Structures are given as structure tokens and as C-alpha cells.
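Notes for the structure review
The primary structure of each chain is shown beneath.
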Amino acid sequence: MTAASTVTGRSGHAGTVRVLNSGDLPAAIRILSARPVDNVFVASRVRGAGLDPNSLGCPMWGYESDGVLRSLCHAGSNLVPVGADQEAVDAYVEFAGPQRMCSSIIGPAETALSLWRGLSDRWGKSWATVREVRPHQPVLAIDGEPRVVPNPHVRPVTLAEWEPYSEAAIKMYTEEVGVSPVQGNSAGYRFYVRQLISAGRAFGWIENGRVLFKADLGSVSATASQVQGVWLDPEFRGRGLAPAAMAAVVQQARAVAPVVSLYVNDFNHAARATYRRVGFRQVSEFATVLY
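One structure accompanies this document, and this report is about it. (Residues numbered from 1 in each chain as written. Predicted model: local features only at pLDDT ≥ 70, side-chain atom pairs only at ≥ 80, totals over all residues. Heavy atoms only, no water.)

**Description of the overall build of the protein**
Here is the rule we go by: Each helix is a run of H or I in the DSSP string that is no shorter than four residues. Each strand is a run of E no shorter than two, and both are numbered from the N terminus. C-alpha atoms define the radius of gyration, and 2.2 Å times the number of residues to the power 0.38 defines the globule rule. Each residue's exposure class comes from its accessible area (1.4 Å probe, protein chains only) as a fraction of the maximum for that residue type: buried when under 20%, exposed when over 50%, partly exposed otherwise. Residue contacts follow a heavy-atom distance rule, with two residues in contact if any of their heavy atoms lie within 4.5 Å. Throughout, the Shrake-Rupley method with a 1.4 Å probe supplies accessible areas, and for residues the shown protein chains are the sole cover considered.
Of the regular secondary structure elements, the protein holds 10 helices and 13 strands. Computed over the C-alpha atoms, the radius of gyration of the protein is 19 Å, within 12% of the 19 Å expected from 2.2 N^0.38 for a compact globule of 291 residues. Counting over 291 residues, the protein shows a buried share of 50%. Long-range contacts, defined as pairs at least 24 residues apart, comprise 69% of the intrachain contacts of the protein with a sequence gap of at least 6. In the structure as shown, the protein presents an accessible area of about 13400 Å², 52% of it carried by carbon and sulfur atoms.

**Let's talk about the packing of helix H9 (residues 242-253) against helix H10 (residues 269-278)**
Test applied: Helix axes are fitted to C-alpha atoms over the stretch in contact, other axes to C-alpha atoms as well, and angles between N-to-C directions run from 0 to 180 degrees. Each angle gets one of four labels, with under 35 degrees taken as roughly parallel, over 145 as roughly antiparallel, 65 to 115 as roughly perpendicular, and the rest as oblique. Two helices cross in a left-handed way if the nearer one is turned anticlockwise from the farther one by less than a right angle. They cross in a right-handed way if the turn is clockwise. Three categories are distinguished: nonpolar for Ala, Val, Leu, Ile, Met, Phe, Trp, Tyr, Cys and Pro, charged for Asp, Glu, Lys and Arg, and polar for the others, with Gly belonging to the last.
Axis separation between H9 and H10 bottoms out at 9 Å; the angle between their running directions is 55°. Compared by their axis directions, H9 and H10 come out oblique. Our pair here, H9 against H10, has a crossing hand that is right-handed. Here H9 contributes Ala242, Pro243, Met246, Ala247 and Val250 to the contact with H10, which in turn contributes Thr274, Tyr275, Arg277 and Val278. For the contact of H9 with H10, the class distribution of residues is seven nonpolar, one polar and one charged.

**Overview of the pairing of strand S10 (residues 210-220)**
For clarity, the threshold we go by: Following DSSP output, two strands are said to pair if at least two bridges run between them.
Burial runs high along S10: 10 of the 11 residues are buried. Relative to S10, strand S9 (residues 202-207) runs antiparallel, the two being bridged by six bridges. Each bridged residue has a counterpart across the sheet, and for Glu207 the counterpart in S10 is Arg210. Between the end of S9 and the start of S10, which pair antiparallel, lie two residues, with Asn208 showing a positive phi angle near 55°. Strand direction decides the pairing type here: S10 and strand S11 (residues 224-232), joined by six bridges, are antiparallel. What sits directly across from Asp216, in S11, is Gln228. Linkage of S10 to S11, two consecutive antiparallel strands, is achieved through a turn of three residues.

**Looking at the environment of Val227**
Mapping Val227 onto the fold places it in strand S11. For the pair Val227 and Asp216, spaced 11 residues apart in sequence, the C-alpha separation works out to 5.6 Å. Val227 has contacts with Ala215, Asp216, Leu217, Met246, Val249, Val260, Ser261 and Leu262, leaving out every residue within four places of it along the chain.

**Observations regarding the pairing of strand S13 (residues 281-290)**
As paired strands, strand S6 (residues 104-108) and S13 are joined by five bridges and run antiparallel to one another. Along S13, the bridge assignment pairs Ile105 with Val289. In this sheet, S13 lies alongside strand S7 (residues 132-142) in antiparallel orientation, the contact comprising eight bridges. Note on S13: the bridge partner recorded for Val139 is Ser284.

**Observations regarding the layout of surface pockets**
Here is the rule: In this analysis, the protein atoms alone were mapped onto a 1 Å grid. Cavities are point sets where a 1.4 Å probe fits without being able to get out; pockets are open sets with protein on both sides within 12 Å along at least five of seven lines; lining residues have an atom within 4 Å of a point. Grid points are joined across faces, edges and corners, and a volume is the space filled by probe spheres set on the points.
Within this model, the second largest pocket holds a volume of roughly 230 Å³. Along the walls of the second largest pocket sit Leu25, Ile29, Leu32, Ser33, Pro36, Ala43, Val46, Arg47, Ser221, Ala222 and Thr223, which together make up its complete lining. If you list the elements that add at least two residues to the lining of the second largest pocket, you get helix H1 (25-33) and helix H2 (40-49). Per-element tally for the lining of the second largest pocket: the top contributor is H1, with four residues. Partitioning the lining of the second largest pocket into residue classes produces seven nonpolar, three polar and one charged.

**Some words on H9**
Applicable threshold: The length a helix should cover is 1.5 Å for every residue beyond the first.
If you check H9, its first and last C-alpha atoms are 16 Å apart, about what 12 residues at 1.5 Å a residue would give, namely 16 Å. In terms of burial, H9 is a largely internal element, nine of the 12 residues being buried. All of the buried residues in H9 are Ala242, Pro243, Ala245, Met246, Ala247, Ala248, Val249, Val250 and Ala253. At its buried positions, H9 is contacted by S7, S9, S10, S11, strand S12 (259-263) and H10.

**What to know about the side chain of Thr288**
Checked against the element boundaries, Thr288 lands in strand S13. On the basis of relative accessible area, Thr288 is assigned to the buried category, the value being 5%. Excluding residues within four positions of it along the chain, Thr288 makes contact with Ile105, Ile106, Glu132, Val133, Arg134, Gln137 and Tyr263.

**Digging into the packing of helix H7 (residues 162-177) against helix H8 (residues 186-198)**
Between H7 and H8, whose axes approach to 10 Å, the crossing angle comes to 115°. The interaxial crossing formed by H7 with H8 has right-handed handedness. Contact residues: H7 offers Trp162, Glu163, Tyr165, Ser166, Glu167, Ala169, Ile170, Met172 and Tyr173, while H8 offers Tyr189, Arg190, Val193, Arg194 and Ile197. A per-class count over the contact of H7 with H8 returns nine nonpolar, one polar and four charged.

Quick look at the structure:
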């Protein structure tokens, strides 16, 4: 990967990919604002840290053509394209270099899958082997009051509850992704959970030190939040408790940003039924590639 790369797209137009900086912030916000729900992860990162790679923790690539910034790509452990058409995707593939530099690709389904296919060809078999591809993940949103009565026991988690909440978060992640988040770096994931709690973005139903339900606001922009890490203790599943618990998260999250969103695996029928009951509607579709 170089500091900048000029690529001629399929239409014959030349475009440039480069690492963005603080001077690109207005143009980046314009792009992010076009689809606030789809772009909430990247918008949240930019809102908190700007575009400087040192503060952001990774580069933010930008695709320009005719002197106008057209697209972004968050190039950290999560590779996340924003507003990318096929020419931008081709340019990002060329810019990425010959070796894999991310643990996942996440974004609007057509774009993320196109980026994955291009990078697989570029990286070769030794770097392109994937653990799982989830091609259909409905993106859901709600911008009003939930349709079911919220569970009053769901509330922001306190730092005094960090240990049991971390254990519940580890169980959730392992169940969802298939590998433990503390494998090889226990302190890093636990610190991340602690940051969520400190920021008031972790919600739980906790009784006698036992976490029965949990959910986090993984990303928060000026207009939307994205819920992640939703988990109900297996012992309490099948009792119809999830909708009211999720409704409580929605109610409290809407005090932070007016739109609450999430994305879910298409095969998770129980979760999708819960979200429908609460009042979520599908607004788009994501895909995730896990390495």
C-alpha cells in the first residue's frame, strides 16, 4: 500500500485513493450523512476521533475522482466501505496491497462482497482463506417508541458490575462468532467492555450479580446508534422475555440518538421475530466476511 494510488476504473475514468486527513473532514461528513444508518459505525469513529490515523487508530482511505471525494473505506481490523461504487471498490482493492490487513469486511452486502472477491484475487490463497461469509444480514432501524412495554429492570450497567457483564459479553461473542474474544488478548476485550460501561453504552438486566440480558450501543453518531452484543441467558430463553428487554434498550438508546439500528443474521429467526415485535423495520442489507 502506498500513500496514494491512481486507478483507471471500468468506465475509463481515473480515480485516486489516498489516506485522508483532518482537512477532508467536511467532505467525509457529507458522504457519511447520505446513509446515516448504514454508515453509523464509521460515523461514530470519525465523530470520536476525526480522520487523523494516529487518533483514529487506523487509516481512513478516500476515493476521489474529478477532484471530488466520492467514497470512504475504514481500513482497520474491520474493513468497512462507505458509499463505494464498483470503481471505488476496484480502486480500494488495488490500494490494499498484496497481503491481508483486516480480520473482517463489513458493509452493504453488494459492496462488501464485491470488495471481498476482489481482495481474494489480489491477496491469494494464503491470505484470502475465510472462516465464514454471512451474505445476508438485514439492517433494521426504529425511530419511534417501541411497540411493547419495556422491561423496567434493564438499565445502564455500572462499573461495579464489570466482571459479570464481561463474562456475559464473552459468552455472547463466542456464541455469535464462533471464537472467544479473549483468545490471545483477554485484557484487550475486557477493557473494551469497561469502556462501553464507562460511556453509558452498556445495558443489562442483572439480578444478584447474574446477567440475565445484555446489549450495547457499539456505535453512536449524531443521528443514529447501532445496538450490538444482544444476549439473553440461555436458561431464560423461550419465555418471551426478549422483546420487553430489547424495548427497554430502544427506549434508553433513543435518548442518545433518535434512530436505533442493528443488523442481524438472516438465519436467526428468533431474533428477527423479537425485533419485529419491538417495532424495527428493515432498511437495507449488510454482509460480513470473517477471516
